[in-house]
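Chain residues, written in single-letter form:
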Amino acid sequence: MQAAVRKIGIGIGADAEKVVDSACRVNVPCDIVCYCRPGTTKVPSGHPRVRLAESGTPETALVADLMVGAIDAAVRGTLPANVTLQTLKVAAGVDHLERIALLETAGGKKFLFAPVGIDEGWTVADKLALIRKGRVIARRFGLPEKVGVLSGGRFGDVGRHAIVDRSMADAELVAKLGDAVHYEILIEDAIETCGLIIAPDGISGNLIFRTLAFLGAGHGHGAPVVNIARLFVDTSRAQPDYTNALLLAASLLE
């Protein structure tokens, strides 16, 4: 018996053509369902594996179909972050989301990175959870399982500011408990051998991600949510296209 074709949903808010074009161009063995408001866009002829799912609340429809298994994975696309992620939290029954981004430098170096949300990764326990789940993803993508933990300064900076001191103390503890290496503030050293890098907190993590992807000619391939039972890949509305995120979702389905 032939296996059922997997389905990936992707959300459309703004820039509908960018999302539809990505769905039509990406080469994955999946059908792609684009969730949008009625009359937003059309799928060009010649793309039978791409279709629209129109709804007055596409973020709700996308999450609902994901949770009941009508689609096998979801990509946020250009849906607004706040309402979509809040809908996902409620549907999944969690009070927060944990995301781990797959990033790529301008030179082609891929690595996992977290936290990437400003409200994520603020405690030692949060970081240890990200390390544990990130190592699983690293194995699936053939990335090194070595983890680099960053902090707000170098050891020689101890005493200059209380927040920096706390950042380094937390990083030392995370590295010890998570079988990782504390690279101080030296992200340029950590990336040489680490498949997963942990930022000091959600604010610095978000800034590092945005600097690499939007100013540094790097790429963000999407950020899977790792503390829910279904596969949801978060994205930024500022991404130039969504082929990488769709590829990431398809790869994780395998």
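Here is what the cut-offs are and how they apply
Residues numbered from 1 in each chain as written. Predicted model: local features only at pLDDT ≥ 70, side-chain atom pairs only at ≥ 80, totals over all residues. Heavy atoms only, no water. Helix = DSSP H or I, 4+ residues; strand = E, 2+ residues; numbered from the N terminus. Rg over C-alpha atoms; globule rule 2.2 N^0.38 Å. Buried < 20%, exposed > 50% of the residue type's maximum accessible area, 1.4 Å probe, protein only. Contact = heavy atoms within 4.5 Å. Areas by Shrake-Rupley, 256 points an atom, 1.4 Å probe, with all protein chains shown as cover. Lys, Arg positive; Asp, Glu negative; His and termini not counted. Charge placed at Lys NZ, Arg CZ, Asp CG, Glu CD. Pairing = 2+ DSSP bridges. Patch = residues over 30% accessible without salt bridge, like charges linked within 9 Å, V, L, I, M, F, W, Y side chains within 5 Å. Salt bridge = Lys/Arg side-chain N within 4 Å of Asp/Glu carboxyl O. 1 Å grid on protein atoms, 1.4 Å probe; cavity = no way out; pocket = protein on both sides within 12 Å on 5 of 7 lines; lining within 4 Å. Points joined across faces, edges and corners; volume = space filled by probe spheres on them. Nonpolar A, V, L, I, M, F, W, Y, C, P; charged D, E, K, R; others polar. Phe/Tyr/Trp six-rings, centres within 6.5 Å; stacked < 30°, edge-to-face > 60°.

Trainee: Would you mind going over the overall build of the protein with me for this structure?
Mentor: Looking only at helices and strands, the protein has eight helices and 12 strands in total. Here the C-alpha radius of gyration of the protein, 19 Å, is about what a compact globule of 254 residues would show, namely 18 Å. Taking the principal axes of its C-alpha atoms as reference, the protein extends roughly 60 × 40 × 35 Å. Across the 254 residues that make up the protein, the buried fraction comes to 52%. Nonlocal contacts in the protein, meaning residues at least 24 apart in sequence, comprise 67% of its contacts between residues at least 6 apart. With the model as given, the accessible surface of the protein reaches about 11,800 Å², and the carbon-plus-sulfur share is 54%. Looking at charge distribution, the protein has the averaged site of its 27 positive side-chain charges lying 4 Å from that of its 28 negative ones.

Trainee: How do you make sense of the sheet that holds strand β10 (residues 219–220) when you look at a structure like this?
Mentor: The strands making up a sheet associate through backbone hydrogen bonding, with each pair oriented either parallel or antiparallel. Read from one edge to the other, the open sheet built from six strands follows the order β8-β7-β9-β6-β5-β10, with strand pairing classed as mixed. Both edges of this open sheet fall to β8 (181–182) and β10, since each of them pairs with a single strand only. As defined by bridge partners, strand β6 (residues 110–114) adjoins strand β9 (residues 196–198) across three bridges and the pair is classed as parallel. The residue bridging Leu112 from the neighbouring strand is Leu196, located in β9.

Trainee: So what exactly am I meant to see when it comes to a nonpolar patch on the surface here?
Mentor: On the surface, Ile118, Trp122, Ile203 and Leu207 cluster together to form a nonpolar patch covering roughly 420 Å² of accessible area. Its location among the elements puts Leu207 in helix α7 (residues 202–215).

Trainee: Any chance you could explain the layout of surface pockets here in plain terms?
Mentor: One simple way to see leftover space: roll a probe sized like a water molecule over the atoms. Its boundaries defined by the atoms lining it, the largest pocket holds a volume of some 600 Å³. If you go around the largest pocket, you meet 29 residues; those closest to its centre are Arg76, Ala81, Leu85, Arg99 and Asp234. Going through the elements one at a time, α3 (81–92), β5 (101–104) and α7 are the ones with two or more residues in the lining of the largest pocket. When residues of the lining of the largest pocket are assigned to their parent elements, the largest contribution, five residues, is made by α3. The residue inventory of the lining of the largest pocket, partitioned by class, reads nine nonpolar, 11 polar and nine charged. Space inside the second largest pocket adds up to approximately 330 Å³. Forming the walls of the second largest pocket are 16 residues, and the residues nearest its centre are Gly152, Ile163, Ser167, Pro200 and Asp201. Those elements that provide at least two residues to the lining of the second largest pocket are α5 (162–177) and α7. Per-element tally for the lining of the second largest pocket: the top contributor is α5, with six residues.

Trainee: Got a minute to help me understand the packing of aromatic side chains in this structure?
Mentor: Aromatic ring pairs: the centre-centre distance and the angle between the two ring planes describe each pair. Here the structure, examined in full by the defined rule, presents two aromatic pairs. Relative to Phe214, the ring of Phe209 lies with its centre 5.8 Å away and its plane at 75°, an arrangement referred to as edge-to-face. What makes Phe209 buried here is its relative accessible area of 12%. Take Phe214: its relative accessible area is 29%, and that puts it in the partly exposed class.

Trainee: Explain the environment of Gly216 here, please?
Mentor: With respect to the helices and strands, Gly216 occurs in the loop between α7 and β10. Between the C-alpha atoms of Gly216 and Thr105, which are 111 residues apart in sequence, the distance is 7.8 Å. With residues near it in sequence (within four places) discarded, Gly216 still touches Ala106 and Thr211.

Trainee: Whenever I open this one, the pattern of salt bridges confuses me. Can you help?
Mentor: Pairing between side chains of opposite charge can happen when the charged atoms of each approach one another. Across all of its chains, the model carries 13 salt bridges by this definition. Note that Arg76 and Asp234 form a salt bridge whose closest N and O atoms lie 2.5 Å from each other. Within this pair, whereas Arg76 is found in the loop between β4 (73–75) and α3, its partner Asp234 is found in strand β12 (residues 231–234), the two being separated by 158 residues in sequence. Here the two residues Arg76 and Asp234 agree in accessibility, since each one is buried. Linking Asp170 and Arg166 is a salt bridge whose minimum nitrogen-to-oxygen distance equals 3.0 Å. On the criterion of helical spacing, the pair formed by Asp170 and Arg166 is a turn pair, its members being four residues apart in helix α5.

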